[in-house]
Structures are given as C-alpha cells and as structure tokens.
Amino acid sequence: MPKRAPLRGAGGALGAWLLGGLWVWVLGGLGGLGAGALGADPWGSPGTPRPCQAPQQWEGRQVLYRQSSGRNSRALLSYDGLNQRVRVLDERKALIPCKRLFEYILLYKDGVMFQIEQATKQCSKITLGVPWDPLDIPQNATFEDQYSIGGPQEQITVQEWSDRKSARSCDADAVEEPLA
C-alpha cells in the first residue's frame, strides 16, 4: 500500500488542509462573523471594515477539492488556538478499496504531530517543522470584498481578506498616456 504524505511542516499533503483549506474557511467564514464591523463605505470613511476577532476554539467540517485530479477529501476539524492544537480526522465519503484514513493530532507547544491510521490504530510520532501560526485575520490584512452566500432565507454574509495590497488601491495609481 502507498504511504500517505504527512503534514507540510513534516513534509507533505496535510499542509494543504491546514494552510490552504482552513484559510479559505477563515477568510470566508470568520470574515462573516465580523460583518457587523462593515460600514457603508469600505474605502476610507469611519465605516471602514476591520478584521474580526476569530474564535479561539471551534470545530467544523472541510472539503478540500484537488483541481488536478478532480477529487475531493473530507475531514472533521478541531481547532484550539488557546492551547495551540489542531486535530484533523479524515472522513470516508464512499467505500474506496485500500484507501487509508488517518487522524492527525498536531501539538505545536510540544512540536509534535501524531498520525494515527484509523483502521489499524497504528500511530506515528512526527516532529513538526513549523511554528504555530494562528488561524486568524491579522489586523494589517487588506479588505477585498463582501459577499452573501447561500439560498433564500439561508444566506450568510462573508468578507474576503488578504495579505496583499488591494487591487482597488492600484486603480488610482494608473497613469494614462496619450497614443501618438
């Protein structure tokens, strides 16, 4: 059976869960929690959006879609920012022969990750090679946009934040030159 690649900090694919997928949730889902911080004019008036305070502890479910293969993976997530711990539990979405499912317990204060195969309960202890990076929206993040997602009467408002200079702020810097 092929071996599954461990966390990015330990060198592999679990990092996509934590560094890619969770950020989508944080930037989308947690941004919605701060929707009350949004004023009428998001471009400089007193109503300028501000990053919300992310929850220190939460649980949720995530689907990670891999465009290259057209497949997705599902996992249950537990996040504990207070104690710097994350738990990722692979979910079976269909019966796939020989598919190995894992549970990952990341203990950043101790600098270790436990990778537990769900079927055999075989456990591997792996050194984490990356420091704790909380899943929050930094105060210096750039507000990009606000969206409503969901169906009628089931909508939530989310905000998109990034760590780059706003594309809109570059619009005023454009200089038009006459054609000769």
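Residues numbered from 1 in each chain as written. Predicted model: local features only at pLDDT ≥ 70, side-chain atom pairs only at ≥ 80, totals over all residues. Heavy atoms only, no water.

Taking an unreviewed UniProt entry as the reference, the protein is identified by name as Mammalian ependymin-related protein 1 belonging to Cnephaeus nilssonii. Under the UniProt heading Subcellular location (unreviewed entry), the entry covering the protein gives this text: "Lysosome lumen". The annotation that UniProt attaches to the protein under Sequence similarities (unreviewed entry) is "Belongs to the ependymin family." (UniProt positions renumbered as here; feature names shortened; annotations may be inferred.)

### Brief notes about unusual backbone geometry
Phi angles above zero are rare outside glycine, and Gln-84 is one such case at about 55 degrees. You can see Gln-84 is positioned in the loop between strand S2 (71-80) and strand S3 (85-91). According to the relative accessible area criterion, Gln-84 is partly exposed, its value standing at 24%. Despite not being glycine, Lys-121 has its phi angle at roughly 65 degrees, a positive value. Summarising the element assignment, Lys-121 is placed in the loop between strand S5 (112-117) and strand S6 (123-127). (Helix = DSSP H or I, 4+ residues; strand = E, 2+ residues; numbered from the N terminus. Buried < 20%, exposed > 50% of the residue type's maximum accessible area, 1.4 Å probe, protein only.)

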